[in-house]
Amino acid sequence: MKKMYRLWKAAGLKVPRKRRKKRATGQKQNACHVEPATFQHDVWTWDFVQGTTVDGRVIRFLNIVDEFTRFVLKIKVGRGIKSEDTIDSLAELFAIHGVPKRIRCDNGPEFISHAIKEWLARIGVSVLYIEPGSPWQNGLCESFNSRFRDEFLNQTELLGVEDARTKSGAWQYDFNHERPHSSLDYLTPAEFSRRRCSASATVAALPPLQQHTAAAEPLPVSQPKLS
């Protein structure tokens, strides 16, 4: 034992310290059926999907969707998408659509990075982290990702990053503007979004007393169903 100890010490070896397990981020109260989106840009949801190009190399897609309207805000494509790339994409969307109230996501390392969490906190966007290992709590995003994989990734040959951007952009346009959704009363996300905005603008233009009455009445299109 003493000889072994001397050899161990001479080699500068040490007993590895036990590391504390990181406490999981997320809770079931942030699930989409518990805290649903109630208006456009109330909750955005985002997640990564991974595929491959024809040469076998990995390519990643960051999908960002408005939960209430099902409108695909962005499909970002890259071999590797860093925190800075994610922040740039969000900043671009904020400039175009305004800042959402909340963002729902899982506990992937891209979403719990200090850079993203601090940046969103400074802007005032709440992050709804779902429980680890509970993808159904982010069901709307999981449903979209499943369609994206089945209808796009599994059906399309991707030659490279630029080719993937072009083809995913065409698929995104079709999803937003050409495809009716049963959960949106068989309207496209773009049409559903336009009607909701139009109805909200009509209410805002009314005198205050009539605004209160109109706000209590149902809008022309029903609230989307969870699917």
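Everything below is about the structure printed above this text.
I will try to describe carefully the structure that is included in this document.

What counts, and where the lines are drawn
Residues numbered from 1 in each chain as written. Predicted model: local features only at pLDDT ≥ 70, side-chain atom pairs only at ≥ 80, totals over all residues. Heavy atoms only, no water. Helix = DSSP H or I, 4+ residues; strand = E, 2+ residues; numbered from the N terminus. Expected span 1.5 Å × (residues − 1). Buried < 20%, exposed > 50% of the residue type's maximum accessible area, 1.4 Å probe, protein only. Arc of directions from axis to C-beta. Contact = heavy atoms within 4.5 Å. Polar contact = N/O pair within 3.5 Å; in protein donor to acceptor, adjacent residues only side chain to side chain. Core = buried A, V, L, I, M, F, W, Y, C linked by side-chain atoms within 4.5 Å. Pairing = 2+ DSSP bridges. Axes fitted to C-alpha atoms, helices over the stretch in contact; angles between N-to-C directions. Salt bridge = Lys/Arg side-chain N within 4 Å of Asp/Glu carboxyl O.

### Digging into helix α2 (residues 83–97)
- Taking 1.5 Å of rise per residue, 15 residues should cover 21 Å, and α2 covers 21 Å from first to last C-alpha, within 8% of that figure.
- Of the residues making up α2, those classed as buried are Thr86, Ile87, Ser89, Leu90, Leu93 and Phe94. What you see down the axis of α2 is that its buried residues fit within an arc of 160°, all on one side. Opposite the packed face of α2, turned more than 90 degrees from it, sit the exposed residues Glu84, Asp88, Ala95 and Ile96.
- Buried residues belonging to α2 abut β1 (43–52), β2 (58–66), β3 (72–78), β4 (102–105) and α3 (114–123).
- Of the residues flanking the end of α2, it is Gly98, one or two places downstream, whose phi is positive at about 95°.

### Comments concerning the environment of Ser193
- Of note, Ser193 is situated in helix α6 (residues 189–205).
- Under the relative-accessibility criterion, Ser193 is labelled buried at 11%.
- Spatially, the C-alpha atom of Ser193 lies 9.8 Å from that of Phe39, the residues being 154 residues apart in sequence.
- Apart from residues lying up to four places away in sequence, Ser193 is in contact with Gln40 and Thr69.
- At 2.5 Å, the side chain of Ser193 and the side chain of Gln40 are in polar contact.

### Some details on the nonpolar core
- Trp44, Trp46, Ile64, Leu90, Phe94, Ile103 and Leu120 are the most contacted members of the largest nonpolar core, which totals 20 residues.
- With 4 residues, α2 is the single largest residue contributor to this core.
- In this view, Phe94 contacts Trp44, Val99, Pro100, Trp119, Leu120, Ile123 and Val125; residues no more than four positions away in its chain are not counted.
- Ranked by size, the runner-up nonpolar core spans 15 residues in total, among them Val65, Val77, Leu153 and Trp171.

### Observations regarding the pairing of β1
- By the criterion of burial, β1 is predominantly enclosed, with 8 of the 10 residues buried.
- Examined bridge by bridge, β1 and β4 share 3 bridges and lie parallel to one another. Across the sheet, Thr45 pairs through a bridge with Arg104, a residue of β4.
- Looking at chain direction, β1 and β2 are connected through 9 bridges and run antiparallel. By the bridge assignment for β2, Thr45 is matched with Val65.

### Focus: unusual backbone geometry
- For His41, which is not glycine, the phi torsion reads 65° and is therefore positive.
- Among the structural elements, His41 can be located in the loop between α1 (2–10) and β1.
- Looking at His41, the relative accessible area reads 17%, which means it is buried.
- A positive phi angle is found at Asp185, which is not glycine, with a value near 55°.
- Here Asp185 lies in the loop between α5 (161–177) and α6.

### Quick notes on the sheet that holds β3
- Taken together, the 5 strands give an open sheet; going across it, the order is β3-β2-β1-β4-β5, and neighbouring strands pair in mixed fashion. On the outer flanks of this sheet lie β3 and β5 (126–129), each paired with one strand and no other. Averaged over all adjacent pairs, the angle separating strand axes in this sheet is 25°, with direction ignored.
- The sheet contact formed by β2 and β3 spans 6 bridges and is antiparallel. Each bridged residue has a counterpart across the sheet, and for Arg60 the counterpart in β3 is Gly78.
- Packed onto the sheet, helix α4 (residues 139–153) meets β1, β2 and β3 and runs at close to 35° relative to β1.

### So, the pattern of salt bridges
- Enumeration according to the criterion identifies 10 salt bridges in this entry.
- When the shortest N-O distance is used, the salt bridge between Glu92 and Lys74 registers 3.5 Å. Residue Glu92 is found in helix α2, and its partner Lys74 is found in strand β3; the two are separated by 18 residues along the sequence.
- Taking the relative accessible area as the measure of exposure, Glu92 reaches 41% and is therefore partly exposed.
- Judged by relative accessible area, Lys74 falls into the buried class, the value being 18%.
- The closest approach of N and O atoms between Arg195 and Glu191, which form a salt bridge, is 2.8 Å. Taken together, the positions of Arg195 and Glu191, both in helix α6 and 4 residues apart, correspond to about one turn of that helix.
- Three or more residues are tied together by salt bridges with common partners; here these are Glu35, Asp42 and Arg102.

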